[in-house]
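Coordinates in review
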Amino acid sequence: MLGFQVEHEDTIEPTSLNNRIFSILRQDERHADLSDNELNELIDQMDAMEKEKHIPNDLYERDEHIQKVIHKMFRPDNAYTKFDFKNGAHRSQRF
């Protein structure tokens, strides 16, 4: 069991991901007969897990991605408001 709250936040802009998937599928001969609109509709029908299959694994090791994750973890409007911090300590920590 993890001692912290786990949430999913995208670090990849949905439009960028959809454009990448479009380029990949456009090169695939199985989709050669689809129009651009049909291909976009196919992408729109994909769930997040299906779209994630098109993300290269090394993307998660790139500095840009790591910096985005760190920024999301430590941005003040996220941790401090979610966990009710005041003056650097959680309010339930009373001495």
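The preceding data block contains the structure.
Residues numbered from 1 in each chain as written. Predicted model: local features only at pLDDT ≥ 70, side-chain atom pairs only at ≥ 80, totals over all residues. Heavy atoms only, no water.

Describing the overall build of the chain
Looking only at helices and strands, the chain has 5 helices and 2 strands in total. Here the chain holds 95 residues, and 19% of them are scored as buried. A sequence separation of at least 24 residues applies to 46% of the contacts in the chain between residues at least 6 apart. Of the roughly 8100 Å² of accessible surface on the chain, 51% is carried by carbon and sulfur atoms. (Helix = DSSP H or I, 4+ residues; strand = E, 2+ residues; numbered from the N terminus. Buried < 20%, exposed > 50% of the residue type's maximum accessible area, 1.4 Å probe, protein only. Contact = heavy atoms within 4.5 Å. Areas by Shrake-Rupley, 256 points an atom, 1.4 Å probe, with all protein chains shown as cover.)

A look at the pattern of salt bridges
Taken as a whole, this structure holds 5 salt bridges when the rule is applied. The partner of Glu50 in a salt bridge is Lys53, and the shortest N-O contact between them spans 3.3 Å. On the accessibility criterion, Glu50 (30% relative accessible area) is partly exposed. When the shortest N-O distance is used, the salt bridge between Arg62 and Asp58 registers 3.1 Å. In this structure Asp58 comes out as partly exposed when scored by relative accessible area, which is 40%. (Salt bridge = Lys/Arg side-chain N within 4 Å of Asp/Glu carboxyl O.)

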